[in-house]
Amino acid sequence: MMNAPDDIAISVKDLTVGYGDTVILQNVNFQVRHGEVFVILGASGSGKSTLLKAMIGLYPPLSGEVWIDGDNLWAAQGKERLALLRRFGVMYQSGALFGSLTVLENVRLPLDEFSDLPDPLKEVAALARLRLVGLDAAADKMPAELSGGMQKRAAIARAMALDPRILFLDEPSAGLDPITSAGIDLLITSLHHFGFTFVIVSHELPSIYSIADRVVMLGSDAQGIIAEGKPAELRDGAANPWVRRFFNRQPDPGHSLEPAGNL
Amino acid sequence: MTIPTQKELEADVEVRPDGRACVVLRGRLNEQTVPGCWSLLEKELKETKIQTLQVDVSGLSFCNAAGLTLLLYLNMARMTPRATVSVLGLKADLEIIFRELILEDKAFHPQLAIKSDSFVGKIGRKVKQLNRDFQEEMVFLGAIIASLPLSIFHPKRSRWTETHCVVELAGANAVPIVSLMSLLLGFIIAFESARRLAEFGAQLYVANTIMVVMVRDMGPLMTAILLAGRSGSSFAAEIGTMKVNEELNALKTFGLDPIPFLVVPRILAGVFVTPLLTFYSILMGVIGGVIVMLGLGFTLPLILHQLASSVHLNDLGTGIAKSAVFGVIVSAVGCWHGLRTQQGPSAVGLSTTRAVVTSLLLIIVADAFFSAISFLLK
C-alpha cells in the first residue's frame, strides 16, 4: 500500500474505462482533496457515469488505478476491500431506495448489516441522518410516497449511514425543479461544512456554479479530461472553445435550427 | 466509580441518592467503544430513578458519528426516563452538529393512526372490496366484448403483428413442453389403469381410458394449466411492467385504449392457440398410451380400433370448446391482473402470482361447470 499525501482523498491514475473493446475514457488522471466539492461534468455520453462507476468499485477499469485515502481500490480484496468500500457512500441518480422498506429502514439497513451499535442506537443514528437532510418527519413513509427531491435527500441520508467521509453523488439535481434543486445544493453545502468530501457527477450549470470548488470536464472526442479548474475560471478563460460554450450555454455553431434565409 | 469500558475510553458513573447522576467520559468515543459504553451506562442508569443526568464529555479526545449517536440517545432521556439530561463540554464544532441533530422523542415512534377493526367491520370492508372488484371485472369484460368486433371486423385497426407474436410465444414455443408433459401423462394414465384393469382381465380397455380421459378432461385441463403458468403469468408481468414504467399512461395520452391495443391481441391469440395446443396434447397423450399398450403386447390395429370406438366426435368437440374457454380465461385474467398492477418493486410479482392463482381457480371452476352441463344434457 502506498500512502498518499494527507490532503488527498481520491487519486485517479492513468484510468482507462470502456465496455469490451470500446474505450470511453483513456488515461484519466486527477486528484480530489479532502473537504472539497469536486464535480465531474461533460456532455451526455462523455463517460461521466462510467468514470464514477469505476471510482466506486462497480465497473472494473480496463487499466489504471483508483486510490481512496491512500489505498488502491481495485487491488484490495476481501475484508480489506469491504473496509475500503465503507469509506465512501453513494447516491445513485434515481435514488435507488429499496421500495419495500420505509425511509428509516432504508437508512438503517447498512447499520443493521455492518455496525456493532446496539439496536436502539442504530435507530437514533438512522434518524439523525434523516434529520441532517431534513427528512426526520418522513421516516415512516415509503419511498413511493416521497417526491423526487425527497427521494434524493433520503438517498443521501442512506449514503451517510456508515459515517463515510466521502460522498459520491450521481446527478443530484437531475429532473428536479429549480427550487428543489437549489435545496439539494444547500444541503450539499451544509454537509460540506460538516467535513464531507463530495464527488458529484452533474451537468446542471446553476448547481455547479453554486457548489463546486473544482471541476473536471470530460470530452467525448478527446476520450479524457479537456478542462480542469474552478467553474467561473473555465467559463471566462478556458482555452478550449467547447468548454467555454458549455459554461455559457451556447449551442454548437455547426448545429443551427434557424431558417437559412427566404424560402 | 471509574470503569474503563475499553482501553480507549473511560467512563465515570456517579449516581447520588437524591436522584442526581453524573457521567464523565474520557478518551475516544467511536464505533469500537460505544457498544461497551452503552451496555455499562444501561446497567448503571436504567434501573435507578434518576431525576437529573449530567453527561460531561469535555475529556473526549475524539468523538465521531457513533459517539454523537450515543450522546443523542442519552440526551433524549431514553435511558433515564423522566430525567432532565444535559450534555456538557462538547467541542465547538461538534456542539453545532449536536444541536442540529437533537431529536424530539415523538419522532421515534410516530403515532400511526390505527383504525379499530372489528370483526363485522372486517367483513363489511371485505364485501365492499369484493363488490368493487366485481364491478371493475365486469367493466373490463364489457370493454373486451366491445373491442372484439372492432378488432375482428376492422382488420386494419387490429394489431395482427402483436397477435402473431403472442401466438408464436404462447403457442409455437410451448410445443416442446406440451409434448413432454402430454406424452408422460399418457404413460402415467396407461400404466396406472393397466395395473387395475389387469385384475379384471380387461387390459384392452386401457385404450378407452386414455382416449376418454385425454379428450374430455386431461388434455384441455393440463394444457390450460400449463398456459396459465407459462403465458398468463407472462401477460401479467409484461403489462404490469408497462404500467409501472408509465407506458400505459403514454398509450392513453395518445388516445389509445390499452384494451384493444394490448388485451384483445392476447385474447385472440389465447383463443386460437389453446385449442390447437389441446388437440396436440391429446394426440401426444394418446401416443404415450399407445406406446405403453404396445409394450403390454397388444397389436397396433387392435389398439387403434379400440381407440376409435371409445369416443365420439362430440367428445372431441366438447374438449376443444372447453379449451377455447380456458384460453380466454388465461389471457383475460393475465391481462386483467397486469392492468391492475400497483406501484412498487413487489407489485409486478404480486400481479403475476394473482394471475396464475386466479386462472387456475377459474379453469377448475369452468371445467366443473362443463362436466355438470354435459352430464345433465346426456
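Keep in mind that this is a model prediction, so the values were computed, not measured.

What counts, and where the lines are drawn
- Here the residue numbers are simple positions, counted from 1 along each chain's written sequence.
- Going through the entries in the order they are written, you letter the chains from A and number the ligands from 1.
- At least 70 in pLDDT is required for a residue's local features to be given in this predicted model, at least 80 for side-chain atom pairs to be given and counted, and no such filter applies to totals for whole chains, interfaces and linings, which use all residues.
- Only runs of H or I of at least four residues qualify as helices and only runs of E of at least two qualify as strands under DSSP, and these elements are numbered from the N terminus.
- Distance between backbone-placed C-beta atoms decides contact: two residues are in contact if it is within 7 Å.
- Exposure classification rests on a simple neighbour count of other C-beta atoms within 10 Å of a residue's own: a residue reaching 20 or more is buried, one at 12 or fewer is exposed, and one in between is partly exposed. C-beta atoms are placed from the backbone.
- The criterion for strand pairing is that DSSP finds at least two bridges linking the strands in question.
- Residues are grouped as follows: nonpolar covers Ala, Val, Leu, Ile, Met, Phe, Trp, Tyr, Cys and Pro; charged covers Asp, Glu, Lys and Arg; every other residue, Gly included, is treated as polar.
- Helices are assigned an expected span. That span is 1.5 Å times one less than the residue count.
- Angles run from 0 to 180 degrees between N-to-C directions of axes, and those axes are lines fitted to C-alpha atoms, restricted for helices to the stretch in contact.
- To get the bend at any residue, fit one axis to the seven residues that end at it and another to the seven that begin at it, then take the angle between the two axes.
- To count as a nonpolar core, a set of buried Ala, Val, Leu, Ile, Met, Phe, Trp, Tyr and Cys residues must be joined through C-beta atoms within 7 Å.
- These descriptions rest on fixed angle ranges, namely under 35 degrees for roughly parallel, over 145 for roughly antiparallel, 65 to 115 for roughly perpendicular, and the rest for oblique.
- For any pair of crossing helices, the crossing counts as left-handed if the nearer helix is rotated counterclockwise from the farther one by less than a right angle, and right-handed if it is rotated clockwise.
- For every residue, the pLDDT score states the predictor's confidence, bounded by 0 at the bottom and 100 at the top.

1. Digging into the overall build of chain A
Here comes step 1: On a plain count of helices and strands, chain A comes out with nine helices and 10 strands.
Here comes step 2: Counted over contacts in chain A with a minimum sequence separation of 6, partners at least 24 positions apart contribute 64%.

2. Comments concerning the overall build of chain B
Here comes step 1: Within chain B one finds 12 helices and five strands.
Here comes step 2: Taken across its 378 residues, chain B has 34% of its residues classed as buried.
Here comes step 3: Long-range pairs, those at least 24 residues apart, make up 82% of the contacts in chain B between residues at least 6 apart in sequence.

3. A short note on the pairing of strand S1 (residues 8-19) of chain A
All names here are of chain A.
Here comes step 1: Relative to strand S2 (residues 22-33), S1 runs antiparallel, the two being bridged by eight bridges. Pairing of Ser11 across the sheet is with Gln31, part of S2.
Here comes step 2: Taking the residues that link successive antiparallel strands as the turn, the S1-S2 hairpin has two residues, and the phi of Gly20 there is positive, at about 60°.
Here comes step 3: As judged from the five bridges shared by S1 and strand S4 (residues 63-68), these two strands associate in the antiparallel manner. Its bridge partner lying in S4, Ile10 is registered against Ile68.

4. Focus: unusual backbone geometry
Here comes step 1: One non-glycine residue, Asp163(A), lies in positive phi territory at about 60°.
Here comes step 2: Tracing the backbone through its elements, the reader meets Asp163(A) in the loop between helix H5 (148-159) and strand S7 (166-170).
Here comes step 3: Among the residues examined, Asp163(A) registers 19 C-beta atoms within 10 Å and is labelled partly exposed.
Here comes step 4: Positioned with a positive phi, Ala77(B) is a non-glycine residue whose angle comes to about 60°.
Here comes step 5: Here Ala77(B) is to be found in the loop between helix H2 (65-75) and strand S5 (84-88).

5. Structural notes on the interface of chain A and chain B
Here comes step 1: The interface of chain A with chain B comprises 20 residues on the first partner and 21 residues on the second.
Here comes step 2: Among the residues forming the side of chain A that touches chain B, the class breakdown is 12 nonpolar, three polar and five charged.

6. Observations concerning helix H4 (residues 119-153) of chain B
For an α-helix, 3.6 residues make a turn, and residues three or four places apart therefore share a direction.
Here comes step 1: Helix length check: H4(B), at 35 residues, gives a terminal C-alpha distance of 52 Å against a target of 51 Å (1.5 Å per residue), a fit within 8%.
Here comes step 2: Burial within H4(B) is sparse, with just two of its 35 residues counted as buried.

7. Remarks on the sheet that holds strand S5 (residues 71-72) of chain A
Note on sheets: strands pair through backbone hydrogen bonds, and any given pair is parallel or antiparallel.
All names here are of chain A.
Here comes step 1: The strand order across the open sheet built from four strands is S2-S1-S4-S5, with neighbouring strands paired in antiparallel fashion. The open sheet is flanked by S2 and S5, the only strands paired with a single partner.
Here comes step 2: Lying over the sheet, helix H1 (residues 48-55) contacts S1, S2 and S4, oriented at roughly 120° with respect to S1.

8. A few points about the sheet that holds strand S6 (residues 88-91) of chain A
All names here are of chain A.
Here comes step 1: Spatial strand order, S6-S7-S8-S3-S9-S10: six strands in an open sheet with mixed pairing. A single partner strand is all that each edge strand has here, and the edge strands are S6 and strand S10 (224-229). Strand-to-strand, the axes of this sheet are offset by a mean angle of 15°, without reference to chain direction.
Here comes step 2: Relative to strand S8 (residues 197-201), S7 runs parallel, the two sharing five bridges. Note that in S8 the partner of Asp170 across the bridge is Val201.
Here comes step 3: The sheet strands contacting H1 are strand S3 (37-42), S7, S8 and strand S9 (214-219), and the helix crosses S3 at an angle near 140°.

9. Quick notes on the pairing of S4(A)
Residues in a regular strand project their side chains so that they alternate between the two faces of the sheet.
All names here are of chain A.
Here comes step 1: Pairing of S4 with S5 involves two bridges; the strand directions are antiparallel. Within the sheet, the bridge partner assigned to Trp67 lies in S5 and is Asn72.
Here comes step 2: Joining the antiparallel neighbours S4 and S5 is a turn of two residues, in which Asp69 adopts a positive phi near 50°.

10. Structural notes on helix H7 (residues 206-244) of chain B
Here comes step 1: A maximum bend of about 60° is found in H7(B) at Met214(B).
Here comes step 2: Glu246(B) sits one or two positions beyond H7(B) and adopts a positive phi of about 65°.

11. A look at the nonpolar core
Here comes step 1: Core analysis: the largest hydrophobic core is formed by 108 residues, its most contacted members being Met55(A), Leu130(A), Leu167(A), Phe168(A), Val199(A) and Leu70(B).
Here comes step 2: When neighbours within four sequence positions are excluded, Val199(A) is seen to be in contact with Ile10(A), Val32(A), Phe38(A), Ile40(A), Met55(A), Ile166(A) and Phe168(A).
Here comes step 3: Residues Val166(B), Val167(B), Phe235(B) and Ala355(B) belong to the second largest nonpolar core, which totals 51 residues.

12. Some thoughts on the packing of H7(B) against helix H10 (residues 300-310) of chain B
All names here are of chain B.
Here comes step 1: It is at 8 Å that the axes of H7 and H10 come closest, and there the two elements cross at 45°. As the angle between them shows, H7 and H10 are arranged oblique. The hand of the H7/H10 crossing is right-handed. Here H7 contributes Ala207, Asn208, Met211 and Val212 to the contact with H10, which in turn contributes Ile303, Gln306, Leu307 and Ser310.
Here comes step 2: Of the residues belonging to the contact of H7 with H10, the class tally is five nonpolar, three polar and no charged.

13. Digging into the confidence of the model for chain A
Here comes step 1: Looking at chain A, the pLDDT average stands at 85 and 94% of residues meet or exceed 70.
Here comes step 2: For chain A, helix H9 (residues 241-247) of chain A is the element with the lowest average pLDDT, namely 81, and S8(A) is the one with the highest, namely 93.

14. A short note on the confidence of the model for chain B
Residue and element names in this part refer to chain B.
Here comes step 1: In the predicted model, chain B carries a mean pLDDT of 86, and the fraction of residues at 70 or more is 94%.
Here comes step 2: Every residue in residues 106-114 scores below 50 in pLDDT, and together they form four contacts with partners more than four places removed in sequence or on other chains.
Here comes step 3: ipTM for the predicted complex: 0.75, alongside a pTM of 0.69.

15. Overview of the environment of Leu111(A)
Residues and elements named next belong to chain A.
Here comes step 1: Residue placement: Leu111 occurs in helix H3 (residues 103-114).
Here comes step 2: C-beta crowding within 10 Å serves as the criterion here: with 23 such atoms nearby, Leu111 is assigned to the buried category.
Here comes step 3: In this structure the C-alpha to C-alpha distance between Leu111 and Arg158, which are 47 residues apart in sequence, comes to 9.6 Å.
Here comes step 4: Once residues lying within four places of it in the same chain are set aside, the contact partners of Leu111 are Leu117, Lys122, Ala125, Ala126 and Ala161.

16. Quick look at the environment of Gly240(B)
Here comes step 1: Position of Gly240(B) among the secondary structure elements: in helix H7.
Here comes step 2: Residues Gly240(B) and His337(B), spaced 97 residues apart in sequence, show a C-alpha to C-alpha distance of 7.6 Å.

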